[in-house]
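Structural overview for review
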Amino acid sequence: MSINYGEVSILLVEDDDIDALAVKRGFSKLKLANPIIRTVNGLEALQLLRSPDAIQRPYVILLDLNMPIMGGIEFLQNIRKDENLKDSIIFVLTTSSADQDLVAAYNENIAGYIVKSDVKGGFDKVINLLDCYWRVVMLPK
């Protein structure tokens with residue numbers, strides 16, 4: 001069964017208000033009405049994902065790495081151990097260009113690693129990438 005790209009929910013795991021606003025603005029600018037749910041750390045995101053009916057499948061997670069309480073790498077390790085969540089599609093969207101973070105994230109089977117400073121002129125390119133991704137790729141329900 002094919003999935004309408006408009007049905008894909010976005011879980012934004014981002015502690016920085018300005019970056020979160022920029023992502024939301026990018027969706028709005030491109031006239032994409034995907035539901036965006038924001039959490040501010042990995043623990044909050046895990047709790048939300050484990051709550052019944054808190055986020056509609058299919059979903060894509062946009063994950064920052066450097067956050068308080070539970071950072072992105074720890075979140076990835078937890079989600080990949082969870083039988084109900086291990087198939088989650090996750091793109092890392094972070095300030096870290098450190099090789100150790102890149103390798104650690106890809107070791108947890110992320111879909112992509114995007115460094116915020118490499119995204120010039122806003123998050124439009126990232127949003128376009130995601131829009132193309134869920135139009136073409138079948139996502140698990």
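Note: the structure precedes this text.
Residues numbered from 1 in each chain as written. Predicted model: local features only at pLDDT ≥ 70, side-chain atom pairs only at ≥ 80, totals over all residues. Heavy atoms only, no water.

1. Regarding the pattern of salt bridges
So the rule is basically this: We define a salt bridge as a contact between a side-chain nitrogen of Lys or Arg and a carboxyl oxygen of Asp or Glu at a distance within 4 Å. A run of H or I in DSSP becomes a helix once it reaches four residues, and a run of E becomes a strand once it reaches two; helices and strands are each numbered from the N terminus. Accessible area is worked out with a 1.4 Å probe on protein chains only. A residue is then buried under 20% of its type maximum, exposed over 50%, and partly exposed in between.
Considering all chains together, one arrives at seven salt bridges under this definition. A salt bridge links D19 to K116, with the nearest nitrogen and oxygen atoms 2.7 Å apart. In this pair, D19 sits in helix α1 (residues 17-29) while K116 sits in the loop between β5 (112-115) and α5 (124-136), placing the two residues 97 residues apart along the sequence. Note on accessibility: D19 and K116 belong to one class, buried. We note a salt bridge from E83 to K86, for which the minimum N-O separation is 3.0 Å. What emerges from the salt-bridge pattern is a single network uniting E14, D19, D64 and K116.

2. Here's the deal with the nonpolar core
For the record, the criterion: Among the buried residues, those of types Ala, Val, Leu, Ile, Met, Phe, Trp, Tyr and Cys that are joined through side-chain atoms within 4.5 Å form a nonpolar core. Contact definition: two residues touch when any of their heavy atoms are within 4.5 Å.
Membership of the largest hydrophobic core comes to 24 residues, with the highest contact counts inside it found for L49, I61, L63 and F75. If you list the elements that add at least two residues to this core, you get β1 (9-13), α2 (42-50), β3 (59-63), α3 (72-81), β4 (89-94) and β5. Residues contacting L63, with those up to four places away along its chain left out, are V13, G72, F75, L76, I90, F91, V92 and L93. Judged by nonpolar contacts, the second largest core, of 16 residues, contains I10, I89, L93 and V126.

3. Structural notes on the pairing of β5
For the record, the criterion: Pairing between two strands is assigned when DSSP locates at least 2 bridges connecting them. Classification remark: right-handed applies to a crossover when, strands pointing away from the viewer, the course from the first strand over the helix to the second runs clockwise.
Side chains of β5 alternate between two faces, with G112 and I114 and Y113 and V115 buried alike. Two elements, β4 and β5, share four bridges in a ladder whose sense is parallel. Paired with L93 across the bridge in β5 is I114. Traced from β4 through helix α4 (residues 99-106) to β5, the parallel crossover comes out right-handed.

4. Some remarks on the sheet that holds β4
What counts, and what does not: Inter-axis angles, ranging from 0 to 180 degrees, are taken between N-to-C directions of lines fitted to C-alpha atoms, where helices are fitted over the stretch in contact.
Spatial strand order, β2-β1-β3-β4-β5: five strands in an open sheet with parallel pairing. A single partner strand is all that each edge strand has here, and the edge strands are β2 (36-39) and β5. Recorded for the sheet is a direction-independent mean angle of 20° between the axes of neighbouring strands. Bridge analysis of β3 against β4 gives four bridges, and the strand direction is parallel. Note that in β4 the partner of L63 across the bridge is V92. Strands in contact with α1 are β1, β2, β3 and β4; relative to β2, the strand with the most contacts, it is inclined by about 175°.

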